[in-house]
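Summary of structural features
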Amino acid sequence: MKISGFTIIRNAVINDYPVVEAILSILPVVDEMLVSVGKSDDDTLALIRSIPSEKIRIVESEWDMSLRAGGKVLAVETDKALRQISPDTDWAFYIQGDEVVHEKYHPAILESCNRYADDLAVEGLIFDYLHFYGTYDYVGDSRKWYRREIRIIRNENKLPNPQISAFRDAQGFRKGHTKLNVKHSGAAVYHYGWVKSPAQMKTKMKNVSRFWNEDKEWGKILQSEDFFNYEEFDSIKLFDGTHPAVMQERIKKQSWKVQLDISRKKFRLKDALLYWYEKKTGRRLFEFRNYRMI
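Summarised in this report is the structure supplied together with it. This one's a predicted model, so the numbers in the text were calculated from it and none came from an experiment. (Residues numbered from 1 in each chain as written. Predicted model: local features only at pLDDT ≥ 70, side-chain atom pairs only at ≥ 80, totals over all residues. Heavy atoms only, no water.)

Moving on to the overall build of the protein. Scanning the protein from terminus to terminus reveals 8 helices and 14 strands. Along the three orthogonal principal directions, the C-alpha set of the protein runs to about 50 × 45 × 40 Å. Taken over 294 residues, the protein has a buried fraction of 51%. Taking contacts inside the protein between residues at least 6 apart in sequence as the whole, the part at least 24 apart equals 79%. In the form shown here, the protein has an accessible surface area of approximately 14,400 Å², with 52% of it arising from carbon and sulfur atoms. Across the protein, the mean location of the 47 positive side-chain charges is 5 Å away from that of the 42 negative side-chain charges. (Helix = DSSP H or I, 4+ residues; strand = E, 2+ residues; numbered from the N terminus. Buried < 20%, exposed > 50% of the residue type's maximum accessible area, 1.4 Å probe, protein only. Contact = heavy atoms within 4.5 Å. Areas by Shrake-Rupley, 256 points an atom, 1.4 Å probe, with all protein chains shown as cover. Lys, Arg positive; Asp, Glu negative; His and termini not counted. Charge placed at Lys NZ, Arg CZ, Asp CG, Glu CD.)

So, about the environment of K2. Counting through the fold element by element, K2 comes out in the segment before β1 (3-9). For the pair K2 and M205, spaced 203 residues apart in the sequence, the C-alpha separation amounts to 36 Å. When sequence neighbours within four positions are dropped, the list of residues in contact with K2 reads D31, S86, D88, T89, D90 and W91.

Next up on the list: helix α1 (residues 19-26). For an α-helix, 3.6 residues make a turn, and residues three or four places apart therefore share a direction. Extensive coverage of α1 is indicated by the burial of 6 of its 8 residues. Looking at α1, one finds that the buried residues are V19, E21, A22, I23, S25 and I26.

Enumeration according to the criterion identifies 19 aromatic pairs in this entry. Taken together, a centroid distance of 4.9 Å and an interplanar angle of 15 degrees make the contact between F132 and Y192 stacked. A residue pair is termed long-range when its members are at least 10 positions apart, and F132 in strand β6 (residues 124-133) and Y192 in strand β12 (residues 181-194) qualify at 60 residues. The pair F132 / Y192 is uniform in exposure class, with both members buried. Taking the centre distance of 6.1 Å and the plane angle of 65 degrees together, the rings of Y133 and W145 count as edge-to-face. Pair noted here: Y133 is in strand β6 and W145 is in the loop between β7 (138-140) and β8 (148-154), with a separation of 12 residues, a long-range link. The pair Y133 / W145 is uniform in exposure class, with both members buried. Joined through ring pairs, the aromatic side chains of Y133, W145, W194, F228, Y230 and F233 make up one cluster. Over the ring of F167 we find R174; its NZ or CZ atom is 3.8 Å from the centre of that ring. Positioned above the aromatic ring of F233, the side-chain terminus of R264 is 4.1 Å from the ring centre. (Phe/Tyr/Trp six-rings, centres within 6.5 Å; stacked < 30°, edge-to-face > 60°. Lys NZ or Arg CZ within 6 Å of the ring centre and 35° of its normal.)

What follows concerns helix α4 (residues 106-115). Of all the positions in α4, only H106, I109, S112 and C113 are classed as buried. Across the axial projection of α4, the buried residues extend over an arc of 135 degrees, all falling on one side. (Arc of directions from axis to C-beta.)

Pasting the structure below:
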């Protein structure tokens, strides 16, 4: 069985993406790691080249920034990267530049890939998600944050017309409009996209908003204030676990402080009732699922 990792990245330095940590976090479970580096305004390519691993294969890409509707350019680039993994791969493991997998999950991931390698009914594996917010101490715990998503898909490069492709802005994958049949990987992804200083967070938001907005609207966003207000949340909780080993150096370098009141809940009545029900039962009613559990 062969597993290929793949990711896309652009302007990692400017936007302070933990992409090196993301790549390192899955290297132990993949046989190769394809990194598609978009033409950047910083030293992203040099950053990726600095990672000491023979498993990494770098390809360069020019992003078409005219494909902004719904973040389409992200899906297009993800598909381009997917089609360049080795054709003899069984599973393709996708990781985004702000996602990290804890090393404690490596055995479960490998076990799941082995278990379903010959079960062609299983088209992908889903992961639970922890969305960190503000600092490394808080995680979102409301319906605002998606709970699970597909990160491992069956490789279809051997087929004349591969069908599995990135969905919308590459949050997940589908076959056209058809949801993939999936099993759970037994693992979780730690999402650090919302952990930055208030100034760096706003810089990133201004930069990446270009993927979803036309020039006129993007221009308005660029004129907004220069600090992100982390008080604008509906519900968060304290994180009581451990972070991946590859994140430890980055965590030590945290230079900002954000104190948030976890007792404060800001919901509309309907969302408050749904939140209460989920915490009581563990079930999320009316949840959007970009996959089909089998």
